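Now for the letters of each chain:
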Amino acid sequence: MAGIVAMSYDTTYIYKCNVKDLDMEGQGSELGGLMTSGVNGSYTIEESNVNNVNINFNTTKMESYSSGTTAVGGIVAGACFNQYKIKNCNVTDLTITSNATSTGGIMGSIAGEGCEISGCKVENTNINTGNESHTGMYGSAAGIVADAGDLQNISNCTVKNVEIETSSDNMAGIIGTTFGATITFDNCNVEDLTCTDNNTVSASTRLIGGLVGKAGKINVTNSNLSKINLNVLNGKKSTVQIGGIAANATDSTSIDNVNLEGITINNNTGGTSGGMIAVQLGSILNVSNVKKFNNISITTNGEAGGIAGYSYASPSIDKITGNNVSVSAKRGAGGLIAITDTKEEIPISNITLSNLKVLGNYGTGGLMGVAVNPKLNDITLTNISVSEESYGSVGGLVGIATKTGNLMSDQTVTSIAKFTDVTINKTSNGTNKIVGGTQHTGILLGFGKIITDNININDITIDGTKSQTVGTIGQADSASDVKNITVNNVNVIAKERGGIIAGISQANITGCTVNKSTITGTASGDFGGIVGNMPVGTTILSNCNVNESKLIATTGHLGGIIGSASNTISGCTLLNTNITGEGVNGVGGIVGHGSNFTGTDTYVKKCNVIDSNISGNSQVGGISGGATVKIENCFVGGKENETFEEGKYAVTITGNDSVGGIIGDPGVISSAGQSMITMIGTNISNSLIKGTTNADYLVGIHGRFSTTYSGTQVETITSSNYTDCKTEIK
């Protein structure tokens, strides 16, 4: 049944034909507003219109079609093994109620090659394919073509103010599904689209997309999507994948010069969702030149990403500018990509995002949740909120950098995250906050190997009260290279291992600066102004500074630069900083507690503690709280040529037991260690050292020298001076 041509068996040309104010009702295999279908030859429909047409199609009682496929289209129902071209046609005020397997605003289905649709518009259209199971293979519904077969090109087309409700397997604003063909969208616009899956019929996986539900190779250029709502009414029957552009891509995907604004995805199934692509199965995902990526909201019970939910490809993302991006998922979540599962490096560059909010589980990141070899360059984030509800690692940029996207597999860290030229800011009325789960939490990276350079972070709070490690980097594994990170006004709350730069580092840290920041340790652990713990003896912490900051803990170890050290610390400075460790045994201006075991012995050189206050319970020192084998060319006191009134001091060191101007207790930490200290060229001046125990355990250079364990007992102090200081029992 059709408004003009019921069936054609040869080449057909329809030009400037109109169907208006028509009610159509059918129960056959196909129904089209202008034409049902063509079997042979080529077909062209040009400058023709369908306006104010109501189509009602129902095959429930048609037994002869129970095992076949059926099609309904606003212009053409179906095309079989032929070439179709539809140009400059308009469909307006169309209503379709159908249970056909393929229902489209322009075409139901295409099975031919070399087909094109250009210059067409579908507006003010409602498509409802009901709650029943579809006859035949599967069902699809779309604003333009439901089942596109080998359709190759869609250009200069518009879908506006269209509502689709279905229980079909595939649903989208332009194309429901293709048969693995290459599909190109150029200069296409979708505005005011609502797709709703009532999910009342069981199926393996349903697919919903703003442009296309399922396709092979996808190319999208010069297009705009705005005010898109993609929804699932209930999650009881099937898993649903939803993508703002495509739900599922089985081949490569390229997106260039495409804008997305006002994309809302609500997926209460366990399916994957993405602001552009839900699942990228093909080998390539390239996204570039997205000037408007605004007001994106994704909520799902599966994994979700602002651009892609799950990518088996190696994504390449460049030049994205966006505002108000929100992703909430019950599994992995990322502001750009939730999970990647590829061995190749992932280049992401020139990203500017404001008001970014990401909530997830099992790997959550402001940009990427779980990533293999991410390479991030020229990233600017303003007002970010990243949270993990329960188990997993969290990062303001990347949650976990790992060798595979399968978190249930062996996670020996073999990938490397590379971050360069990254800036994180906050506006005066904005919020920057990261809330960690039970594993690792970081501003840049939760867990993994990482290389950094030229990183600037401002005005952010990181809450790791449930996490194992917390810092700008939660845990930096071996082969990392952490350097040139500057943070300002950063507030870190840590439970076990916390540092403003890193919670734990198994690699070198150099050239990092902390300004006007705070770290608070809430339980027994290692906490430091730069790093909480460095357990590898061959690593070096060098040329790092902590300025005008507050370091607080109630138990564990607390250091101005490092909480617990088994390595070398060189060229670091603590300036105008308060270290408060009430109840802490092991507090130092540079090192909270060190190690005197061979191979992991602590060596501090060329470090300074200037104009700061240090307090703890026991083992409290100006440079080190305890167990530091060698201190060389270090200084505790005021700035050069600084003068003080009587009773005023540059540095105040306070404790109850084993309080020293340089080191609190150089003694052993177990019988296997050596009680020894070597000081060379280390000076203290204009400092006040206060304690409450007897004077035998309270002296100027060190507070206590242990003789309770067997082993070598050596104390060597040379070229070191103690001037203008005071020692008192408080």
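Report follows, based on the coordinates. (Residues numbered from 1 in each chain as written. Predicted model: local features only at pLDDT ≥ 70, side-chain atom pairs only at ≥ 80, totals over all residues. Heavy atoms only, no water.)

**Brief notes about the overall build of the chain**
Here is the rule: Numbering goes from the N terminus for both helices and strands, where a helix is a DSSP run of H or I of at least four residues and a strand is a run of E of at least two. Partly exposed describes any residue whose relative accessible area lies between the buried limit of under 20% and the exposed limit of over 50%, with all areas from a 1.4 Å probe on protein chains only and scaled to the type maximum. Any two residues having at least one pair of non-hydrogen atoms within 4.5 Å are treated as being in contact. The protein chains shown are the only cover counted for residues, whose accessible areas, like all others here, come from Shrake-Rupley with a 1.4 Å probe.
For the chain, the count of helices and strands is zero helices and 81 strands. Relative to its full complement of 730 residues, the chain shows a buried share of 59%. Partitioning the contacts of the chain with sequence separation of at least 6, the portion at a separation of at least 24 is 84%. Surface summary for the chain: the accessible area is close to 24,200 Å², and the carbon and sulfur share equals 43%.

**Some details on the environment of T269**
Where we set the bar: Throughout this description, a polar contact denotes any pair of N or O atoms lying within 3.5 Å of each other; where both atoms belong to protein, one of them has to be capable of donating a hydrogen while the other can accept it, and for residues adjacent in sequence the pair is counted only when both atoms sit in side chains.
Note that T269 resides in the loop between β29 (253–267) and β30 (273–274). The class of T269 is buried, set by a relative accessible area of 2%. A distance of 3.0 Å separates a polar side-chain atom of T269 from the backbone nitrogen of V240.

**A few points about the packing of aromatic side chains**
Defined as follows: In this analysis, rings of Phe, Tyr and Trp, with Trp reduced to its six-membered ring, are considered paired at centre separations within 6.5 Å, and the interplanar angle assigns stacked below 30 degrees, edge-to-face beyond 60, and tilted for intermediate values.
Applying the stated criterion across every chain, the model contains three aromatic pairs. Relative to Y15, the ring of Y13 lies with its centre 5.8 Å away and its plane at 10°, an arrangement referred to as stacked. On the numbers, 4.8 Å between centres and 35° between planes, the contact of Y310 with Y312 is tilted. In this structure Y310 comes out as buried when scored by relative accessible area, which is 14%. Judged by its relative accessible area of 40%, Y312 falls in the partly exposed class.

**Some thoughts on the nonpolar core**
Going by this rule: Residues enter a nonpolar core if they are buried and are Ala, Val, Leu, Ile, Met, Phe, Trp, Tyr or Cys, with the set joined through side-chain atoms within 4.5 Å.
Formed by 178 residues in total, the largest nonpolar core has its most connected members in F185, I245, F419, L541 and I569. When residues of this core are assigned to their parent elements, the largest contribution, eight residues, is made by strand β46 (residues 440–464). In contact with I569, not counting residues within four places along its chain, are L541, I561, I562, I590, V591, T602, Y603, V604, K605 and C607. Listed in part, the six residues of the second largest apolar core include Y310, I339, V370 and F447.

**A word on the side chain of T513**
Mapped onto the elements, T513 comes out in strand β53 (residues 513–515). When residues no more than four places from it in sequence are discounted, the contact partners of T513 are I485, T486, V487, N545 and N547.

**So, the pattern of salt bridges**
Keep this limit in mind: Salt-bridge detection follows one rule: a side-chain nitrogen of Lys or Arg within 4 Å of a carboxyl oxygen of Asp or Glu.
Counted under the stated rule, the structure contains twelve salt bridges. Linked by salt bridges that have partners in common, D169, D197 and R206 make up one network.

**Remarks on the pairing of strand β24 (residues 205–209)**
Rules: A pair of strands counts as paired when DSSP detects no fewer than two bridges linking them.
The buried fraction of β24 is high, at four of five residues. Across three bridges, strand β20 (residues 170–172) lies against β24 in parallel orientation. Within β24, the position partnered with A172 by the bridge is G209. Direction of pairing for β24 relative to strand β27 (residues 239–243): parallel, over a ladder of five bridges. The residue of β27 that forms the bridge with G209 is G243.

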